[in-house]
Amino acid sequence: MLLATTATYQPADYLPILIQLGLALAFVAFSMVVSHLVGPKRHSKVKDSSFECGIESVGNARTPISVKYFLTAILFVLFDVEVIFMYPWAVNFRELGTTGFVEMLLFMGLLLAGFYYIIKKGILKWQN
Amino acid sequence: MEIPLLAWQGLVILAVFGITLLIATYSTYAERVVAAFLQDRVGPDRAGPFGLLQPLADAVKLFTKEEFFPSGANRWLFVFGPCLAMTTALMASAVIPFGNTLIFGDGTEIRLQAIEVNIGMLYVFGVVSLGVYGIMIGGWASNNKFSLLGAVRAAAQAVSYELAMGMALIALLMVTGTLSLREITLQQYNGLWNIVYQPLGFIIFCVCAFAETNRTPFDLPECETELVGGYHTEYSSMKMGLYLFAEYINVFVASAVMSTLYFGGFSFPGEHWVYNTLTQSQGELFAHNVVTILGTVTIFAKIFFFIFFFMWVRWTLPRFRYDQLMRLGWTMLFPIAILNILVTGACILFFGAKDPKIEAAKKPQTTETRTVVRG
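Keep in mind it's a predicted model, so treat the numbers as computed, not measured.

### A closer look at the overall build of chain A
Right, so step 1: Each helix and strand in chain A was counted, giving 4 helices and 0 strands.
Right, so step 2: Along its sequence from the N terminus, chain A presents helices and strands in the succession α-α-α-α.
Right, so step 3: Within the span of chain A, comprising 128 residues, buried residues form 33% of the whole.
Right, so step 4: Restricting to contacts in chain A with at least 6 residues of sequence separation, those with at least 24 account for 60%.
Right, so step 5: Only carbon and sulfur atoms are counted for the fraction: they give 71% of the accessible area of chain A, which is about 8,200 Å².

### A word on the environment of Ile65(A)
Right, so step 1: Position of Ile65(A) among the secondary structure elements: in the loop between α2 (45-48) and α3 (67-91).
Right, so step 2: Between the C-alpha atom of Ile65(A) and that of Ser35(A), which follows or precedes it by 30 residues, the distance is 34 Å.
Right, so step 3: If sequence neighbours within four positions are ignored, Ile65(A) has contacts with Leu148(B) and Val152(B).

### Some words on the interface of chain A and chain B
Right, so step 1: Contacts between the two partners involve 67 residues from chain A, matched on the other side by 86 residues from chain B.
Right, so step 2: Here chain A packs against chain B, burying approximately 6,800 Å² in sum over the two surfaces, 74% of which is carbon and sulfur.
Right, so step 3: On the chain A side of the interface with chain B, the three residues burying the most area are Gln20(A), Tyr87(A) and Arg94(A), jointly 12% of the side's total.
Right, so step 4: The interface formed by chain A and chain B includes 5 residue pairs in polar contact (both at pLDDT 80 or more).
Right, so step 5: At 17 residues, the largest contribution of residues to the side of chain A that touches chain B is made by helix α1 (residues 15-38) of chain A.
Right, so step 6: Counted by class, the side of chain A that touches chain B contains 43 nonpolar, 15 polar and 9 charged residues.

### Remarks on the UniProt feature "transmembrane region" (unreviewed entry) in chain B
Right, so step 1: Following the UniProt record, the feature "transmembrane region" (unreviewed entry) maps to residues 6-29, 76-99, 119-141, 161-179, 191-211, 242-265, 285-312 and 333-353 of chain B here.
Right, so step 2: With 100% helix and 0% strand, residues 285-312 of chain B has its two end C-alpha atoms placed 40 Å apart.

### Examining the packing of helix α8 (residues 199-212) of chain B against helix α13 (residues 322-351) of chain B
Residue and element names in this part refer to chain B.
Right, so step 1: Here α8 crosses α13 at 150 degrees, and the two axes come no closer than 10 Å. It follows that α8 is roughly antiparallel to α13 by the angle criterion. As for the relative orientation of α8 and α13, their crossing is left-handed in sense. For the pair α8 and α13, contact is made by Leu200, Gly201, Ile204, Val207 and Cys208 and by Leu328, Leu333, Ile336, Ala337 and Asn340, respectively.
Right, so step 2: Of the residues in the contact of α8 with α13, the class split is 8 nonpolar, 2 polar and no charged.

### Focus on the state of the cysteines
Right, so step 1: Tallied over the full model, the rule gives 0 disulfides over all chains.
Right, so step 2: No disulfide involves Cys206(B); its sulfur sits 9.2 Å from that of Cys208(B), the nearest cysteine.

### Details of a nonpolar patch on the surface
All names here are of chain B.
Right, so step 1: Residues Phe37, Leu38, Phe305, Phe308, Trp312 and Trp315 make up a contiguous nonpolar surface patch of roughly 600 Å² in combined accessible area.
Right, so step 2: Among the elements of the structure, α1 (2-38) and α12 (284-314) are those that each provide at least two residues to the nonpolar patch.
Right, so step 3: In terms of residue count, the dominant contributor to the nonpolar patch is α12 (3 residues).
Right, so step 4: With respect to the helices, strands and loops of the structure, Phe37 is situated in helix α1.

### Description of the side chain of Asp80(A)
Right, so step 1: Looking at where Asp80(A) falls in the secondary structure, it is placed in helix α3.
Right, so step 2: One buried charge, Asp80(A), has no salt-bridge partner; the nearest side chain with opposite charge is Lys68(A), at 21 Å.
Right, so step 3: The residues touching Asp80(A), leaving out its near neighbours within four places in the chain, are Glu162(B) and Leu163(B).

### Overview of the nonpolar core
Right, so step 1: Trp89(A), Met86(B), Met121(B), Phe205(B) and Leu261(B) are the most contacted members of the largest nonpolar core, which has 136 residues in total.
Right, so step 2: In contact with Trp89(A), other than residues within four places in its own chain, are Leu96(A), Gly100(A), Phe101(A), Met104(A), Ile170(B), Met174(B) and Ile341(B).

### Details of α13(B)
Given 3.6 residues per turn, any residue in an α-helix points the same way as the ones three and four places further on.
Right, so step 1: In this model, α13(B) (30 residues) spans 41 Å end to end at C-alpha, consistent with the 44 Å of a helix rising 1.5 Å per residue.
Right, so step 2: In α13(B), a bend of some 30 degrees at Leu333(B) exceeds every other bend along the element, and Pro335(B), a proline, comes one to four places later.

### A few points about the pattern of salt bridges
All names here are of chain B.
Right, so step 1: Using the criterion set out here, one finds 7 salt bridges over all chains in the structure.
Right, so step 2: A salt bridge links Glu31 to Arg314; the nearest nitrogen and oxygen atoms lie 3.1 Å apart. Of this pair, Glu31 sits in helix α1 while Arg314 sits in helix α12, placing them 283 residues apart in sequence.
Right, so step 3: Judged by its relative accessible area of 3%, Glu31 falls in the buried class.
Right, so step 4: Arg314 gets classed as partly exposed once you look at its relative accessible area, which sits at 26%.
Right, so step 5: Where Glu67 meets Lys239, a salt bridge forms, and the shortest distance between an N and an O atom there is 3.4 Å. Here Glu67, found in the loop between α2 (54-64) and α3 (75-92), pairs with Lys239, found in helix α10 (residues 237-262); they are 172 residues apart in sequence, far enough to count as distant.
Right, so step 6: Looking at Glu67, the relative accessible area reads 8%, which means it is buried.
Right, so step 7: Members of the salt-bridge network, linked through shared partners, are Glu31, Arg215, Glu247 and Arg314.

What counts as what
Residues numbered from 1 in each chain as written. Chains lettered and ligands numbered in written order. Predicted model: local features only at pLDDT ≥ 70, side-chain atom pairs only at ≥ 80, totals over all residues. Heavy atoms only, no water. Helix = DSSP H or I, 4+ residues; strand = E, 2+ residues; numbered from the N terminus. Buried < 20%, exposed > 50% of the residue type's maximum accessible area, 1.4 Å probe, protein only. Contact = heavy atoms within 4.5 Å. Areas by Shrake-Rupley, 256 points an atom, 1.4 Å probe, with all protein chains shown as cover. Buried area = accessible area lost by both parts, 1.4 Å probe. Polar contact = N/O pair within 3.5 Å; in protein donor to acceptor, adjacent residues only side chain to side chain. Nonpolar A, V, L, I, M, F, W, Y, C, P; charged D, E, K, R; others polar. UniProt positions renumbered as here; feature names shortened; annotations may be inferred. Axes fitted to C-alpha atoms, helices over the stretch in contact; angles between N-to-C directions. Parallel < 35°, antiparallel > 145°, perpendicular 65-115°, else oblique. Left-handed = near helix turned anticlockwise from the far one by under 90°. Disulfide = S-S within 2.5 Å. Patch = residues over 30% accessible without salt bridge, like charges linked within 9 Å, V, L, I, M, F, W, Y side chains within 5 Å. Salt bridge = Lys/Arg side-chain N within 4 Å of Asp/Glu carboxyl O. Lys, Arg positive; Asp, Glu negative; His and termini not counted. Core = buried A, V, L, I, M, F, W, Y, C linked by side-chain atoms within 4.5 Å. Expected span 1.5 Å × (residues − 1). Bend = angle between axes of the 7 residues up to and from the residue.

Right, dumping it as structure tokens:
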């Protein structure tokens with residue numbers, strides 16, 4: 001349904017993206033190689049240790065961190081999938097008309113019920 | 001016929017690429033000048049007239065600085081992070097229509113847009129969202145606690161605001177009925193700008209654009225008061241430069257997307273008058289090309305305004321606290337965006353038949369009003 005209005009588009013339209021990608025990669029490779037060749041290189045044990053405000057660095061940064069970030073990521077996955085469902089609906093909103101709108105109301109009702117649940121669970125509370 | 005057209009398109013891609021880099025380069029200069037102006041300072045004025053060569057001096061400095069690898073870092077990912085951030089940033093400007101078409105005497109028609117695809121907006125979204133991987137990978141690979149915190153903050157912030165951004169966009173798509181940025185612009189060309197239909201959607205989109213590009217007041221990933229340099233604490237030389245560059249390119253892309261979606265892109269008030277007047281005196285072909293060029297000037301004026309707006313906000317507002325940022329994204333913007341969708345939907349269904357723009361959108365072929373006589 002999403003493709004209904006786009007009969008004149010060809011898969012070959014995407015080909016120039018490769019040109020753009022090629023240019024971008026060339027620029028990135030150029031700047032990395034040039035800065036690697038031009039800059040000075042002097043190593044010492046203290047200098048190569050990771051920065052911790054001038055005091056001696058303690059341990060490794062591969063440590064566990066607050067689970068809140070992980071929960072946010074999981075919630076994003078859930079909600080973003082639902083948002084993606086809405087794109088074809090939004091593009092074809094006029095054709096689907098009132099029926100489609102009512103169906104989407106139902107869908108959003110379920111979405112908001114889940115949203116209410118996570119708020120009540122306190123997952124989005126970062127203060128404590 | 002086929003080969004010259006492809007060559008022209010290649011040229012347009014090259015031009016878009018060059019302009020993107022140029023604007024990103026001079027954004028660094030503009031940022032410092034704007035900051036100086038807002039803080040009542042002089043700003044950079046030593047390199048060249050008015051300090052105009054400052055970005056070149058910065059580039060030379062970044063290239064000749066020492067490339068630093070922390071001893072505990074994962075070397076490949078450490079290099080890969082900034083490369084990915086920069087590559088994705090450079091890819092995003094491809095689908096933005098920087099003007100209508102230029103038509104030559106022999107009927108060759110060139111779009112002032114690198115790539116025209118029917119899912120233009122989804123392409124921008126997809127590519128820009130990949131950018132956060134660059135930050136995450138770089139921050140994690142540094143093996144530094146500040147970098148790690150900056151990286152996870154960036155990731156959580158980007159995904160949170162992407163949600164509200166997508167929702168704001170859905171309301172706009174309901175109005176336009178297409179994902180192609182070119183189609184959206186042409187609709188605004190023939191009707192009112194989308195900001196009239198979607199004021200709330202624009203505000204949400206704009207706030208989310210600030211968060212997605214990690215600009216103040218949402219620059220917690222590189223929050224220098226808490227995290228030294230955030231995800232790029234351990235970076236030096238051009239790897240650091242690529243991160244900074246990627247941020248400015250993202251600002252440019254966000255500005256371009258906002259002007260295209262909500263402020264008419266390459267359409268400007270009075271274009272139909274200009275077109276009709278010139279058609280009478282000089283012919284349709286000339287009128288079409290002149291309006292196209294004026295349109296290109298217009299969209300860049302809009303983009304520059306938005307870039308200035310980004311800088312203006314940066315030097316005016318203080319940074320959010322992290323819990324405030326998350327609360328704003330999830331418990332305010334997200335419900336408001338859903339409300340916006342519902343109100344938009346109800347309005348379209350209720351007033352739909354009377355609105356000329358919506359009538360026009362029902363018949364997509366009427367959006368191209370200009371048919372130019374070939375030859």
